[in-house]
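Listed below are the residues making up each chain.
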Amino acid sequence: MQTGGGILRQPMSVWATAFAAVVAFMGIGLVDPILPSIAQGLNATPSQVSLLFTSYFLVTAVAMLITGWVSSRIGGKRTLLVGLVLVVLFAALAGTSTSVAELVGFRAGWGLGNALFVATALAVIVGAASGGAESAIILYEAALGLGISLGPLVGALLGDWNWRAPFFGTATLMAVGFVLIVTMLKATPKPAQKTRLSAPIRALAHGGLSTTAFTALFYNFAFFTVLAFTPFILGMSAYGIGAVFFGWGVCVALSSVFAAPPLQRRIGSVNVLHLALALLAVFQIGIALSGHAGIIVFTILSGIPIGLNNTVFTESAMEVSDAPRPVASAGYNFVRWMGGALAPFVATKLGEEVGVAVPYVLGALCCVAGMAILYTRRHHLRALSRVDADHTAHDAAEAAPAM
């Protein structure tokens, strides 16, 4: 199978970058199982603890605007290494926190490092991977899915010992990633033309990229409602929460790698987004209306549409406009991570003061809003139909000799 071969036969530099990406994405779900423990250990409310996500993603979103400017001046490898150093530093400092305010601040610094690393890692993997951009993006999303699934598991295992341990563990693993990239990734050449600070914002003037980005903003609000608020209503130990979100993360990983590409070829990228957003809305309503067992089942199942969306949104952002991929990625991520920044605090505040079902109803409405944007601005997404057709034609050409 062409796609699978493209993913598996990669240079060691790609695997080194992918390993570090897995650890970087572990940082997203790492705190999930220990959110109640952090709240108890630091005498904080759920909405205060949710600021761990908000500060992280807000800084990540804004920092996306400078990633291209930085990497075009110091090169991709150095940008990756700067990002890794910042993650190692602030993850370790997070483990020393004595108050929620300190922890939130250190997570913000972690978000800066994460932005420099994650945005550049995608460009490095796309540039160095064999099998073309599509295989590279699938590999990147596989790293995302694996990291998101392992994060809660590692968080639960280490957090059961002490809630500080997952932060020190992440710092250690990222230090390993730093060594691997130093030794295995060749220095990437600086772009012939330096990226302007305004380039990502200018890129969003393209109708297709802005449509993709703002649809993803609403999607990410729904996504992080599930991720950030659900641990507080599960009423389980760190191991229990970790197990639920490990199952969720496995669904994210499997659907992003094995379900998204064939569905894109069969029904098209835009239709996959409609399908995934609709499914996510249904599962969020399921969480809102269910008892304890139903909450667990629908939370795990929500990983399926989230995995589909992650892959298709990323590929769409890369392909829908004529902007250079790093610039398009920066503009897209700036907008979409705002949804990740807003959702944790808004969802937990609504859950505390209005009712635990309300955040999920709002998340479902955000999915519907995303579908409405896709439909009303569908004329801006015609380029995706051509990309889908090219992939289908490529697959047919690859299969022809075997027929």
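Here the structure is a predicted model, which means the values were calculated and not measured.

Draft legend 1. Structural view of the overall build of the chain. In terms of helices and strands, the chain carries 18 helices and 0 strands. Across its three principal directions, the C-alpha atoms of the chain cover 60 × 45 × 40 Å. Taking all 403 residues of the chain together, the buried fraction comes to 59%. The contacts in the chain between residues at least 6 apart in sequence include a share of 86% that link residues at least 24 apart. Summing over all exposed atoms, the chain offers an accessible surface of approximately 15,000 Å²; the carbon and sulfur share of this is 70%. Of the charged side chains in the chain, 20 are positive and 14 negative; the average position of the first set lies 11 Å away from that of the second.

Draft legend 2. Representation of empty space enclosed by the protein within the structure. Taken as a whole and assessed by the stated rule, the structure comprises 2 cavities of 30 Å³ or more. If you add up the space inside the largest cavity, you get close to 50 Å³. Those elements giving two or more residues to the lining of the largest cavity turn out to be α7 (100-128), α15 (303-319) and α16 (325-353). Here the lining of the largest cavity is composed, by residue class, of 5 nonpolar, 3 polar and 1 charged.

Draft legend 3. Expanded view of the packing of aromatic side chains. Applying the stated rule across the entire model yields 15 aromatic pairs. Aromatic side chains Phe 57 and Phe 224 sit 4.6 Å apart centroid to centroid with 55° between the ring planes, which places their arrangement in the tilted category. Here Phe 57 is found in helix α5 (residues 51-74), whereas its partner Phe 224 is found in helix α11 (residues 207-234), with 167 residues between them in sequence. Look at Phe 57 and you get buried, because its relative accessible area is 1%. Seen in terms of ring centroids, Phe 223 and Trp 248 are 5.9 Å apart; in terms of plane orientation they differ by 50°. Their pairing is tilted. In this pair, Phe 223 is assigned in helix α11 and Trp 248 in helix α12 (residues 238-267), connecting sequence segments 25 residues apart. Accessibility classification places Phe 223 together with Trp 248 in one group, the buried group.

Draft legend 4. Focus on the environment of Ala 213. Along the chain, Ala 213 falls in helix α11. On the basis of relative accessibility, which here comes to 0%, the residue Ala 213 falls in the buried class. When the C-alpha positions of Ala 213 and Gly 68 are compared, they lie 17 Å apart, and in sequence the two are 145 residues distant.

About the thresholds
Residues numbered from 1 in each chain as written. Predicted model: local features only at pLDDT ≥ 70, side-chain atom pairs only at ≥ 80, totals over all residues. Heavy atoms only, no water. Helix = DSSP H or I, 4+ residues; strand = E, 2+ residues; numbered from the N terminus. Buried < 20%, exposed > 50% of the residue type's maximum accessible area, 1.4 Å probe, protein only. Contact = heavy atoms within 4.5 Å. Areas by Shrake-Rupley, 256 points an atom, 1.4 Å probe, with all protein chains shown as cover. Lys, Arg positive; Asp, Glu negative; His and termini not counted. Charge placed at Lys NZ, Arg CZ, Asp CG, Glu CD. 1 Å grid on protein atoms, 1.4 Å probe; cavity = no way out; pocket = protein on both sides within 12 Å on 5 of 7 lines; lining within 4 Å. Points joined across faces, edges and corners; volume = space filled by probe spheres on them. Nonpolar A, V, L, I, M, F, W, Y, C, P; charged D, E, K, R; others polar. Phe/Tyr/Trp six-rings, centres within 6.5 Å; stacked < 30°, edge-to-face > 60°.

None of this, on its own, says anything about what the molecule does.
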